[in-house]
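Below, each chain spelled out in residue letters.
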Amino acid sequence: MHETALVRNLIHRVEQLCADEEAERVVEVAVWLGALCHMSSEHFTDHFRQEASGTCADQAHLRIETSDDINHPNAQDVLLQSLELETESGAGP
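Starting from 1, residues in each chain are numbered consecutively following that chain's sequence as written. Side-chain atom pairs in this predicted model are given and counted only at pLDDT of 80 or more, local residue features only at pLDDT of at least 70, and totals for whole chains, interfaces and linings cover all residues. Water and hydrogen atoms were dropped before computing side-chain values, which therefore reflect all heavy atoms in the structure.

**Some points on the overall build of the protein chain**
Definition in use: A run of DSSP states H or I qualifies as a helix once it reaches four residues; a run of E qualifies as a strand once it reaches two. Both are numbered from the N-terminal end. In this description the radius of gyration comes from C-alpha coordinates, and the expected globular size is given by 2.2 Å times residues to the power 0.38. Contacts are assigned to residue pairs with any non-hydrogen atoms lying within 4.5 Å of each other. Using a 1.4 Å probe, accessible areas were evaluated by the Shrake-Rupley method; residue-level cover was limited to the displayed protein chains. A residue counts as positive if it is Lys or Arg and as negative if it is Asp or Glu; His and the chain ends are not included. Taken as the charge location is NZ of Lys, CZ of Arg, CG of Asp or CD of Glu.
Along the protein chain, the regular secondary structure elements total 2 helices and 4 strands. N-terminal to C-terminal, the α/β element order of the protein chain is α-β-α-β-β-β. In terms of C-alpha radius of gyration, the protein chain reaches 13 Å, essentially the compact-globule figure of 12 Å for 93 residues. Taken over the C-alpha atoms alone, the protein chain extends approximately 40 × 25 × 20 Å along its principal axes. Nonlocal contacts in the protein chain, meaning residues at least 24 apart in sequence, comprise 78% of its contacts between residues at least 6 apart. With the model as given, the accessible surface of the protein chain reaches about 5600 Å², and the carbon-plus-sulfur share is 44%. Distance between charge centroids for the protein chain: 2 Å, based on 5 positive and 18 negative side chains.

Written out as structure tokens, the structure reads:
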């Protein structure tokens, strides 16, 4: 399924960034949903929660921006905009 693959790839990238920054957990994930990615915010949230279960992003707050521009170069994509990570010394960028 296209949606599952998109979200699974996103979670994999989030886990890699978490490891690179030696973060304990992800506090917030901000994503952008292209107009042609075939997912509503609710649908994305369902997939995200399922794929993030047991990972560093398990309890992350989601901030989702949706686009209605079908001509945008990334209209078929889900883009990671930002992460807020928690490290041993507290929240980080």
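**Brief notes about the side chain of Thr55**
To keep things clear, this is the line we draw: For this analysis, a polar contact is any N or O atom pair within 3.5 Å, provided that within protein one partner can donate a hydrogen and the other can accept it, and provided that sequence-adjacent residues contribute only side-chain to side-chain pairs.
Locating Thr55 in the fold gives a position in the loop between α2 (41–52) and β2 (61–66). Of the polar contacts made by the side chain of Thr55, one reaches the backbone oxygen of Ala52; its length is 2.7 Å.

**Re the packing of helix α1 (residues 2–20) against α2**
Condition: Here an axis means a line fitted to C-alpha atoms, over the contact stretch when the element is a helix, while the angle between two N-to-C directions is reported on a 0 to 180 degree scale. Here the angle decides the label: under 35 degrees means roughly parallel, over 145 means roughly antiparallel, 65 to 115 means roughly perpendicular, and every other value means oblique. Each crossing gets its hand from how the near helix is turned against the far one by less than a right angle, where anticlockwise is left-handed and clockwise is right-handed. In this count, Pro and Cys sit with the nonpolar residues alongside Ala, Val, Leu, Ile, Met, Phe, Trp and Tyr, while Asp, Glu, Lys and Arg are called charged and the others, Gly among them, polar.
It is the contact of α1 with α2, at a shortest axis distance of 9 Å, that shows an interaxial angle of 55°. Overall, the two elements α1 and α2 adopt an arrangement that is oblique. The hand of the α1/α2 crossing is right-handed. Contacts between α1 and α2 involve Glu3, Thr4, Val7, Arg8, Leu10 and Ile11 on the former and, on the latter, His43, Phe44, His47, Phe48, Glu51 and Ala52. In the contact of α1 with α2, the residues fall into 6 nonpolar, 3 polar and 3 charged.

**Focus: unusual backbone geometry**
Where we set the bar: Working definition: with a 1.4 Å probe on protein chains only, accessible area under 20% of the residue-type maximum means buried, over 50% means exposed, and in between means partly exposed.
A positive phi is found at Glu22, a non-glycine position, where the angle reads about 55°. By the element assignment, Glu22 lies in the loop between α1 and β1 (25–33). The phi torsion at His38 lies on the positive side, around 65°, for a residue other than glycine. Inspection of the secondary structure puts His38 in the loop between β1 and α2. On the accessibility criterion, His38 (58% relative accessible area) is exposed.

**Some words on the pairing of β1**
For the record, the criterion: For two strands to be treated as a pair, DSSP must find at least two bridges joining them. Call a crossover right-handed when, viewed with both strands pointing away from you, the route from the first strand across the helix to the second goes clockwise.
Within β1, 7 of the 9 residues are buried, which leaves it mostly tucked inside the rest of the structure. Sheet topology note: the β1/β2 ladder contains 6 bridges and is parallel. By the bridge assignment, Leu33 is partnered in β2 with Thr66. In terms of handedness, the path from β1 via α2 over to β2 forms a crossover that is right-handed.

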